[in-house]
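# Structure at a glance
Residues per chain, in single letters:
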Amino acid sequence: MEVRLATTRGFCFGVEDAIELAENALENDNANGRLVALGPVIHNKTVVQQLEEKGLNQSGDIEKLEEGTTVLIRSHGAPPETFKRAAERKLNIVDATCILVKRAQDVVKQLHEEGYKVVMIGDPNHPEVKGVIAYAPDVVVFDKGDDLEAVIPYRERLGIVAQTTHAPDHVAEMIAEIAKRPFREMKIVNTLCLEVLRRQEAAVALCEEVDVMFVLGGLHSANTRELARLCKQEGMDTYHLEGWDGFETSMAAGKRIAGVTAGASTPESVISGFVKELRTYDPSA
Ligand code: SF4
């Protein structure tokens, strides 16, 4: 089968940096086996498994870690309380928070200090969002489908940010909805990630050339899911898979050209493995 790849795909600098920090910490800090990541370093099973095999432990609870343990803060960041408790409990910290997530945290803090009621467009259950909103009190979080009347305060000065991995069209739609509500002032700070945007643009462009799209990446990866959503929005038959294991012949049957892209936390080995297999598949057989 003919396979074409999105011009921008796979690992972003934030994920590369997080993996490098984790690997360096494993070499330098884990002699006593006490390097613990607070949750998956990135949203990709293959990478997390590889780091676990090298000795990286994982915990969701900082209170259970022994004094002297080194904690790795993942690329999605963490609330300020986590850093405070780590210091109080005499834990060492390796901070792999992506600089763009850090910027979103700083923006939220600053908007609050300037007197804005901070509103974040994003998934309230996503670790990045949970971390970012902890940098100011009472941040309102909402996403498509939520009842804006219930969550957006009446006649307020609103300071608006968005989850870094959201697509601009989605954020614009949400802002338009907010603007229909009575508000005194609205200050929008663009916290979207350009790396994500480049992958989104490349995926949408590839949809013009192919008959079916495969979007590779963790099923929990927000930016991968957003890539799949955009391709579907283009009217393309789209499959979000973690790798070749998820492929079924019916997905490509009768198609001539397949497009492949991948989220920012998908390693090149997963992409190249998938492409190699797909190229040997004959959809007319
Ligand atoms: S996708 Fe963007 S915000 Fe997320 S880790 Fe990568 S560079 Fe950072």
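Relevant structure appears above.
Bringing the overall build of the protein into the picture now. Counting secondary structure elements, the protein contains 11 helices and 12 strands. Its C-alpha atoms give the protein a radius of gyration of 21 Å, within 12% of the compact-globule value 19 Å for 285 residues. Expressed along its principal axes, the backbone C-alpha trace of the protein runs to roughly 60 × 55 × 25 Å. Going through the 285 residues of the protein one by one, you find that 43% of them count as buried. Counting contacts in the protein only where the partners sit at least 6 residues apart, residues at least 24 apart contribute 76% of the total.

Right, let's talk about the sheet that holds strand S5 (residues 92-95) for a bit. Pairing is parallel across the open sheet formed by 4 strands, whose spatial order is S3-S2-S4-S5. Of all strands in the sheet, those with a lone pairing partner are strand S3 (57-59) and S5, marking the two edges. When the angles between neighbouring strand axes are averaged without regard to direction, this sheet yields 35°. As defined by bridge partners, strand S2 (residues 35-38) adjoins S3 across 3 bridges and the pair is classed as parallel.

A separate point is the site of the ligand. The immediate surroundings of the ligand are formed by 15 residues, with Cys12, Gly14, Cys98, Leu100 and Cys193 found nearest. Contributing elements (two or more residues each) for the shell around the ligand: helix H1 (13-29), helix H4 (99-113) and helix H8 (194-207). Per element, the largest residue contribution to the shell around the ligand is 3 residues, and it comes from H1. Here the shell around the ligand is built from residues that sort into 9 nonpolar, 5 polar and 1 charged.

So, about the environment of Asn125. Note that Asn125 resides in the loop between strand S6 (117-121) and helix H5 (127-132). Placed 102 residues apart in sequence, Asn125 and Glu23 show a C-alpha to C-alpha distance of 28 Å.

Further remarks concern the packing of H8 against helix H9 (residues 222-233). Packed helices, taken two at a time, are described by their axes: the angle between them and the distance between them. Contact geometry for H8 and H9: axes closest at 9 Å, N-to-C directions at 30°. As the angle between them shows, H8 and H9 are arranged roughly parallel. By crossing handedness, the relation of H8 to H9 is classed as right-handed. Here Val196, Arg199, Gln200, Ala203, Val204 and Cys207 of H8 lie close against H9, whose contacting residues are Asn223, Glu226, Leu227, Leu230 and Cys231.

Next up on the list: the nonpolar core. Counting residues in each nonpolar core, the largest one holds 56 residues, and the members touching the most others are Ala22, Val41, Leu72, Val108 and Met120. Those residues within four positions of Val41 in sequence are excluded, and the remaining contacts are Ala18, Ile19, Ala22, Val48, Leu51, Leu72, Arg74, Ser75 and Ala96. Counting 23 residues, the second-largest nonpolar core is a separate cluster that includes Ala167, Phe214, Val215 and Ala228.

Judged by how many residues are buried, S6 sits mostly within the fold: 5 of 5 residues are covered. Judged by which residues are buried, S6 turns out to be covered on both faces: Lys117, Val119 and Ile121 on one side and Val118 and Met120 on the other are all buried. Direction of pairing for S6 relative to strand S8 (residues 157-162): parallel, over a ladder of 5 bridges. Across the sheet, residue Lys117 finds its bridge partner in S8, namely Leu158. Across 3 bridges, S6 lies against strand S7 (residues 140-142) in parallel orientation. Considered in S7, the bridge of Ile121 is made with Phe142.

Reading the values: rules and limits
- Residues numbered from 1 in each chain as written.
- Predicted model: local features only at pLDDT ≥ 70, side-chain atom pairs only at ≥ 80, totals over all residues.
- Helix = DSSP H or I, 4+ residues; strand = E, 2+ residues; numbered from the N terminus.
- Rg over C-alpha atoms; globule rule 2.2 N^0.38 Å.
- Buried ≥ 20, exposed ≤ 12 C-beta atoms within 10 Å, placed from the backbone.
- Contact = placed C-beta atoms within 7 Å.
- Pairing = 2+ DSSP bridges.
- Axes fitted to C-alpha atoms, helices over the stretch in contact; angles between N-to-C directions.
- Near = placed C-beta within 6 Å.
- Nonpolar A, V, L, I, M, F, W, Y, C, P; charged D, E, K, R; others polar.
- Parallel < 35°, antiparallel > 145°, perpendicular 65-115°, else oblique.
- Left-handed = near helix turned anticlockwise from the far one by under 90°.
- Core = buried A, V, L, I, M, F, W, Y, C linked by C-beta atoms within 7 Å.

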